[in-house]
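Descriptive structure summary
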Amino acid sequence: MSTLSTLKQPASLPAHLTQTSVGKKILTAVTGFIAFGFVFGHMVGNLQVLIGQDQYNTYAETLQGLGALLWVIRGFLLLAFGIHIWLGIQLKLENWAARPVAYKNETTQQASLASRTMIWTGLIVVSFVIYHLLHFTVRTTNPEYADLTDSLGRVDVHSMVVLGFSSYLISAFYLLSVGLLCYHLSHGVASMFQSLGLNSPKWQKRLDVLAWLAAIVLFAGYAAVPVAVMLKLVSLPGGGI
Amino acid sequence: MNLILKVWRQKDARDKGRLETYEARNISEHMSFLEMLDVVNEQLVGEGVDPIHFDHDCREGICGTCSLVINGSPHGHQKATTTCQLHMRHFKDGETIYIEPFRAKAFPVIKDLVVDRSAFDRIMQAGGFVSVNTGGVPDANAIPIPKEDADKAMDAAACIGCGACVAACKNASAMLFVGAKVSQFAHLPQGKVEREKRARAMVSQMDSEGFGNCTNYYECEAVCPKEIKVEVIAKMNREYFRAATTKI
Ligand code: HEM
Ligand code: FES
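Fair warning: this is a prediction, and the values are worked out from it, not measured in the lab.

With that settled, consider the overall build of chain A. When helices and strands are counted, chain A shows 10 helices and zero strands. Put simply, chain A runs from its N terminus to its C terminus through helices and strands in the order α-α-α-α-α-α-α-α-α-α. Viewed in the frame of its principal axes, chain A has a C-alpha envelope of about 75 × 45 × 35 Å. Looking at the 241 residues of chain A, the share that counts as buried comes to 42%. Just so you have it, chain A exposes about 12700 Å², and 71% of that area is on carbon and sulfur atoms. In chain A, 14 side chains carry a positive charge and 9 a negative one; their mean positions are 20 Å apart.

Looking now at the coordination of the iron atom of ligand 1. Residues and elements named next belong to chain A. Bound to the iron atom of ligand 1 are the protein donor atoms His84 (NE2) and His184 (NE2), situated 2.0 Å from the metal. Here the iron atom of ligand 1 is ringed by six donor atoms whose angles at the metal span 87 to 180 degrees, and the overall shape comes out octahedral. Of the two residues, histidine 84 sits in helix α5 (residues 68-97) while histidine 184 sits in helix α9 (residues 168-195), which places them 100 residues apart along the sequence. The exposure class assigned to histidine 184 is buried, which follows from its relative accessible area of 14%.

This part takes up the site of ligand 1. Taken together, 25 residues lie around ligand 1, and His84, Val126, His184, Ser191 and Ser195 of chain A are the ones closest in. Close to ligand 1, residues of chains A and B are found. Contact between ligand 1 and serine 191 of chain A: an oxygen atom at 2.4 Å from a side-chain N or O atom of the residue. Contacts to ligand 1 include serine 195 of chain A, whose side-chain N or O atom sits 2.6 Å from an oxygen atom. The set of elements that each furnish at least two residues to the shell around ligand 1 consists of α2 (21-46), α5, α7 (118-137) and α9 of chain A. For the shell around ligand 1, the per-class residue count stands at 14 nonpolar, 10 polar and one charged.

The share of residues in chain B with pLDDT of 70 or more is 100%, and the mean pLDDT across the chain is 96. We note a pTM of 0.94 for the whole complex and an ipTM of 0.94 for its interfaces.

Moving on, we come to helix α9 (residues 231-244) of chain B. Residues and elements named next belong to chain B. Over its 14 residues, α9 extends 20 Å from the first C-alpha to the last, a length consistent with the 20 Å expected when each residue adds 1.5 Å. By the criterion of burial, α9 is predominantly enclosed, with 10 of the 14 residues buried. Three or more residues of α9 are buried, namely Val232, Ile233, Ala234, Lys235, Met236, Asn237, Glu239, Tyr240, Ala243 and Ala244.

Residues and elements named next belong to chain B. Here chain B is partitioned into domain 1 (3-111) and domain 2 (117-244). Placing the centre of domain 1 and that of domain 2 at their C-alpha centroids yields a distance of 28 Å. Taken together, the contact pairs 22 residues of domain 1 with 20 residues of domain 2. Summing both partners gives a buried area of about 1500 Å² for domain 1 against domain 2, and 63% of it is carried by carbon and sulfur.

For the rest of this paragraph, the subject is the nonpolar core. Among the nonpolar cores identified, the biggest contains 50 residues, and Val166, Leu176, Val178, Met206, Phe211 and Ile233 of chain B are the most heavily contacted of them. Elements with a contribution of two residues or more to this core: α2 of chain A together with α2 (118-127), α4 (164-168), α5 (175-186), α7 (195-208), α8 (219-223) and α9 of chain B. Here this core takes six residues from α5 of chain B, the largest share from any one element. In contact with phenylalanine 211 of chain B, not counting residues within four places along its chain, are Ala98 of chain A together with Ala106, Phe107, Ala119, Phe120, Ile123, Val166, Ala172, Ser173, Ala174 and Met206 of chain B. Membership of the second largest hydrophobic core comes to 35 residues, among which are Val49, Val125, Phe165 and Val234 of chain A.

On to the pattern of salt bridges, then. Counted under the stated rule, the structure contains 19 salt bridges over all chains. Connected through shared salt-bridge partners, Arg9, Asp50, Lys111 and Asp112 of chain B make up one network.

What follows covers the interface of chain A and chain B. The interface is formed by 47 residues belonging to chain A together with 61 residues belonging to chain B. The interface formed by chain A and chain B holds one salt bridge in total. Lysine 170 of chain B is the salt-bridge partner of glutamate 106 of chain A, the closest N and O atoms lying 3.0 Å from each other. Scanning the region where chain A abuts chain B turns up 31 residue pairs in polar contact (both at pLDDT 80 or more). In terms of residue class, the side of chain A that touches chain B is made up of 17 nonpolar, 23 polar and seven charged.

Rules used throughout
- Residues numbered from 1 in each chain as written.
- Chains lettered and ligands numbered in written order.
- Predicted model: local features only at pLDDT ≥ 70, side-chain atom pairs only at ≥ 80, totals over all residues.
- Heavy atoms only, no water.
- Helix = DSSP H or I, 4+ residues; strand = E, 2+ residues; numbered from the N terminus.
- Buried < 20%, exposed > 50% of the residue type's maximum accessible area, 1.4 Å probe, protein only.
- Areas by Shrake-Rupley, 256 points an atom, 1.4 Å probe, with all protein chains shown as cover.
- Lys, Arg positive; Asp, Glu negative; His and termini not counted.
- Charge placed at Lys NZ, Arg CZ, Asp CG, Glu CD.
- Donors = N, O, S within 2.8 Å, 3.2 Å for Na, K, Ca; no water.
- Tetrahedral: all angles 85-135°; square planar, octahedral: opposite > 155°, others 65-115°.
- Near = heavy atom within 4 Å.
- Polar contact = N/O pair within 3.5 Å; in protein donor to acceptor, adjacent residues only side chain to side chain.
- Nonpolar A, V, L, I, M, F, W, Y, C, P; charged D, E, K, R; others polar.
- pLDDT = per-residue confidence, 0-100.
- Expected span 1.5 Å × (residues − 1).
- Domains from an automatic or database assignment.
- Contact = heavy atoms within 4.5 Å.
- Buried area = accessible area lost by both parts, 1.4 Å probe.
- Core = buried A, V, L, I, M, F, W, Y, C linked by side-chain atoms within 4.5 Å.
- Salt bridge = Lys/Arg side-chain N within 4 Å of Asp/Glu carboxyl O.

What follows is the structure, given as structure tokens:
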């Protein structure tokens, strides 16, 4: 069968996944799925703020108690995010290059706005994530958060969240970013199945619905925390602010 | 009917090109879009103007040679219709119609509305065939094929390789075309023998031609004159993953 192409082809699975169009799409979907898994788990974790200070601080302490494993998980997530962003940018640049001359009269048949703005929603999400980490994890923007402790002497992340979201500006930026992330996923979740080859005419509509449901559930779950703080449904233990 | 045409004119591959305005007068609504252009061209020749160059061959919707992006849609806005089968009755008297060539880096303009689609031929040459020596023609029922598989292969084989999918795709991706060709073989026992090699070879060739990457806009599916579904792209993705994880 020497009649088939003699073009040089990738020699290993990692090469297939990083050097070919179809491979890159598969890897974008896999890393997108990992990111989605994190985003979902993070939402469930966050919702414990609504239960109360003790519950949330216990949860935070459990995570911190993972020690080395926590760093392994962080490293894994960072790698997945890094690959997703890198491929997202690379695919977009290639796609722009593939149509050097634009149509004078361009129309859109059925592509959703969410699908056409993936790179922009993605890039805004990245910038939000960086700020978010500096705010609540590294606490560069608010070093005083590190001094908060609860009655058991634990780091009081519950109060940190309440204080953080007491600023309308921060809450508004948070809601906007989470909204864009969910918009990203309203296309991303359905797209991921197609990229992995898990689609059929029967499932296509259902996947679109599933993607929107996932986006709406995530948005509601994430928005609940700052909204609860702003409505004073959740407040500092002494009733402060 | 009378129409205003805004047509892309470009002397050769190097020319920058521009939209020119022409009037199409006394067009019968029973004419096909290409016949309408024939009438305009006769008029242009009469005036000593270089006629508008466009691709066509069978004019019965089966060869995939005709092209054109009409009012922003490859083969026009009529569903499941090639340009040669598109009738003028779908346009309104006095309407302005934009006519542009298929746009993609991998489909360079040769002249006016004619583009070079030989990238598709090279993709087919890379793996769009069965190279197993089958000997004489076997008995029709010698190799039983489930109806469902045969149907899927036939649906994919309906692709006429016109390139409208590339023209419609905002990424100028050729994945609907390549997906159709890969699927057509992957569903049949004769094609399964070389499925891994085929998926690798055709995808490599597609990438080297400078087509974009599918981002699941599904614009291709909407314009395909043969209504090829994006499930063929999902199938190609599965085939490719299988090939990438198989030693060949
Ligand atoms: C928590 C954050 C994120 C999640 C959960 C997420 C999730 C996803 C998912 C599931 C997909 C669909 C994959 C596919 O089409 O196969 C996707 C696509 C995409 N993502 Fe993200 N993403 C995130 C962040 C980002 C960031 C930061 C960028 C920045 C560049 C980005 C850029 C893209 C692009 C450009 C696509 C489209 C790729 C394509 O269709 O070829 N994403 N994302
Ligand atoms: S000319 Fe053959 S399909 Fe249109």
